[in-house]
Amino acid sequence: EVQLVQSGAEVKKPGESLKISCKGSGYSFPIYWIGWVRQMPGKGLEWMGIIYPGDSDTRYSPSFQGQVTISADKSISTAYLQWSSLKASDTAMYYCVRHDEAYIAAASAYYYYIDVWGKGTTVTVSS
Amino acid sequence: DIQMTQSPSSLSASVGDRVTITCRASQGISNFLAWYQQKPGRVPKLLIYAASILQSGVPSRFSGSGSGTDFTLTISSLQPEDVATYYCQKYNSARIFTFGPGTKVDIK
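Please read all numbers here as calculations on a predicted model, not as lab measurements.

*Asks:* Where do I start with the overall build of chain A in this structure?
*Replies:* Assigned secondary structure in chain A consists of zero helices and eleven strands. The N-to-C order of helical and strand elements in chain A reads β-β-β-β-β-β-β-β-β-β-β. Since a compact globule built from 127 residues should have a radius of gyration of about 14 Å, the 15 Å found for chain A is in line with a globular shape. Overall, chain A is about 55 × 30 × 25 Å in size when its C-alpha atoms are taken along their principal axes. Relative to its 127 residues, chain A shows a buried fraction of 46%. Once local pairs closer than 6 in sequence are excluded, the contacts in chain A between residues at least 24 apart make up 55%. A total of about 5900 Å² of accessible surface is found on chain A, and carbon and sulfur atoms cover 48% of it.

Structure follows, in structure tokens:
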């Protein structure tokens with residue numbers, strides 16, 4: 001069974017650093033793009049960025065560029081999301097997600113989508 | 001930067017009703033669009049990709065259409081288990097994805 005197992009809930013103070021993790025299992029971790037999605041309390045989904053564990057190619061949403069760092073260690077099938085200095089506005093649920101693709105010959109194009117979600121890591125930042 | 005909007009932001013409908021949700025892109029995105037369902041307190045789930053292709057296991061009452069800037073998600077006969085927030089998501093060739101703001105669907 002394909003699974004993304006995320007690290008547990010975190011409670012931190014503003015200004016602290018944090019690194020949360022996501023371990024993939026049941027599939028070949030290096031060859032699927034892994035991303036992170038934020039959901040602030042009572043709000044919608046925000047796509048943050050994505051990494052290809054095979055070569056660590058990383059892409060960020062403009063909204064999150066410079067605010068977080070996404071990394072991966074393919075030797076242990078684990079992706080990470082980290083902050084160097086947390087703010088109260090970082091309080092949210094963070095989902096680790098696997099991106100898959102489908103090639104549709106009729107369109108001669110690849111189509112991408114999120115097919116697997118972790119259960120989420122709650123991050124609370126409060127003084 | 002291409003912006004995504006959804007309408008309505010919320011709706012209430014009766015069981016058995018046909019429900020249509022619209023997603024609009026500020027520029028053309030061909031059919032590089034997916035739809036997700038998030039039930040209350042649950043993890044989101046993929047419904048449709050490539051604007052109209054139903055993900056395996058998704059009930060056939062869900063369908064998607066559109067290309068360019070205007071897309072729709074249709075539930076042909078609303079069921080109680082369809083109470084959820086629905087999000088569209090676009091992506092580009094750089095693999096940058098963007099979710100729409102979501103549409104909350106309730107039972108009247």
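*Asks:* Just checking my understanding: could you explain the sheet that holds strand β8 (residues 78-83) of chain A for this structure?
*Replies:* Backbone hydrogen bonds are what pair the strands of a sheet, in a parallel or an antiparallel way. All names here are of chain A. Across the sheet, which stays open at both edges, the four strands sit in the order β1-β3-β8-β7 with antiparallel pairing between neighbours. Each edge of the open sheet carries a strand with a single partner, namely β1 (3-6) and β7 (69-73). Neighbour-to-neighbour, the strand axes of this sheet turn through a mean angle of 20°, independent of strand direction. Pairing of β1 with strand β3 (residues 18-25) involves four bridges; the strand directions are antiparallel. Bridging across to β3, L4 finds its partner in G24.

*Asks:* Which parts of the structure should I look at to understand the state of the cysteines?
*Replies:* Should the sulfur atoms of two cysteines be covalently bonded, the bond is a disulfide. Overall, the coordinates contain two disulfides over all chains when judged by the stated rule. One disulfide in the model links C22(A) with C96(A); its S-S distance is 1.9 Å. The disulfide joining C22(A) to C96(A) has a torsion of about -60° about its S-S bond and is therefore left-handed. Within this pair, whereas C22(A) is found in strand β3, its partner C96(A) is found in strand β9 (residues 92-104), the two being separated by 74 residues in sequence. The buried category is assigned to C22(A), whose relative accessible area is 0%. By relative accessible area, C96(A) is classed as buried at 0%. Disulfide pairing is shown between C23(B) and C88(B); the S-S distance is 2.1 Å.

*Asks:* Could you clarify how one ought to interpret the packing of aromatic side chains in this entry?
*Replies:* Aromatic ring pairs are defined here through the distance separating the ring centres and the angle between the ring planes. All names here are of chain A. All told, the structure shown has 16 aromatic pairs over all chains when counted by the stated rule. Stacked on the ring of Y27, the Lys or Arg R98 has its end atom at 4.6 Å from the ring centre. It is R98 that lies over the ring of Y32; its NZ or CZ is 3.9 Å from the centre.

*Asks:* Help me out: how do you make sense of the sheet that holds strand β1 (residues 4-7) of chain B in this one?
*Replies:* Residue and element names in this part refer to chain B. Read across the open sheet, the four strands follow the order β1-β3-β8-β7; overall the sheet is antiparallel. Here the strands that pair on one side only, and so sit at the sheet edges, are β1 and β7 (62-67). Sheet twist, expressed as the mean angle between neighbouring strand axes with direction ignored, is 15°. In the sheet, β1 pairs with strand β3 (residues 19-25) via four bridges, with the strands oriented antiparallel. If you follow Q6 over to β3, its bridge partner there is C23.

*Asks:* Would you mind going over the side chain of Q89(B) with me for this structure?
*Replies:* Considering the arrangement of structural elements, one finds Q89(B) in strand β9 (residues 84-91). At a separation of 2.8 Å, a polar atom in the side chain of Q89(B) contacts the side chain of Y36(B). With residues near it in sequence (within four places) discarded, Q89(B) still touches W47(A), I114(A), F32(B), L33(B), A34(B), Y36(B), F97(B), T98(B) and F99(B).

*Asks:* Is there a simple way to think about the pairing of β9(B) in this case?
*Replies:* Regular strands place side chains that alternate from one sheet face to the opposite one. All names here are of chain B. Extensive coverage of β9 is indicated by the burial of eight of its eight residues. Covered by surrounding structure in β9 are A84, Y86, C88 and K90 together with T85, Y87, Q89 and Y91, the residues of both alternating faces. Taken together, the six bridges between strand β4 (residues 33-38) and β9 define a ladder with antiparallel strand orientation. Bridging from a neighbouring strand, A34 pairs with Q89 of β9. Of the pairings in the sheet, the one linking β9 to strand β11 (residues 103-107) comprises three bridges and is antiparallel in character. Paired with A84 across the strands is V105, a residue of β11. In sequence, β9 turns back onto strand β10 (residues 97-99) through a hairpin of five residues, with R95 there showing a positive phi of about 60°.

Reading guide: rules and limits
- Per-chain numbering applies: the sequence of each chain, read as written, is numbered from 1 onward.
- Whichever chain is written first is A, and whichever ligand is written first is 1; the rest continue in order.
- Selection of residues for local features in this predicted model requires a pLDDT of at least 70, selection of side-chain atom pairs for listing and counting requires 80 or more, and totals for whole chains, interfaces and linings are taken over all residues.
- Only heavy atoms go into the side-chain values, all of them from the structure, while hydrogens and water stay out.
- Secondary structure elements are taken from DSSP: a helix is a run of H or I of four residues or more, a strand is a run of E of two residues or more, and numbering for both begins at the N terminus.
- Just to be clear, the radius of gyration here is over C-alpha atoms, and the globule rule we use is 2.2 Å times residues to the power 0.38.
- Exposure is judged per residue with a 1.4 Å probe applied to protein chains only, and the accessible area is read against the type maximum: over 50% gives exposed, under 20% gives buried, and values in between give partly exposed.
- Contacts: residue pairs with any heavy atoms within 4.5 Å of one another.
- The Shrake-Rupley method, run with a 1.4 Å probe sphere, supplies the accessible areas, and residue values consider only the shown protein chains as cover.
- Strands were regarded as paired on the criterion that DSSP finds at least two bridges between them.
- To obtain each axis, a line is fitted to C-alpha atoms, and for helices this fit is confined to the stretch in contact; angles are then taken between N-to-C directions over 0 to 180 degrees.
- Criterion for a disulfide: a pair of cysteine sulfur atoms within 2.5 Å.
- Aromatic rings from Phe, Tyr and Trp, with only the six-membered ring used for Trp, were paired whenever their centres fell within 6.5 Å, and each pair was classed as stacked if the ring planes differed by under 30 degrees, edge-to-face if by over 60, and tilted otherwise.
- Charge over a ring is defined by NZ of Lys or CZ of Arg lying within 6 Å of the ring centre and within 35 degrees of the ring normal.
- The term polar contact refers here to a pair of N or O atoms within 3.5 Å; inside protein, the definition further demands a hydrogen-donor-capable atom paired with an acceptor-capable atom, and it admits residues adjacent in sequence only when both atoms are side-chain atoms.

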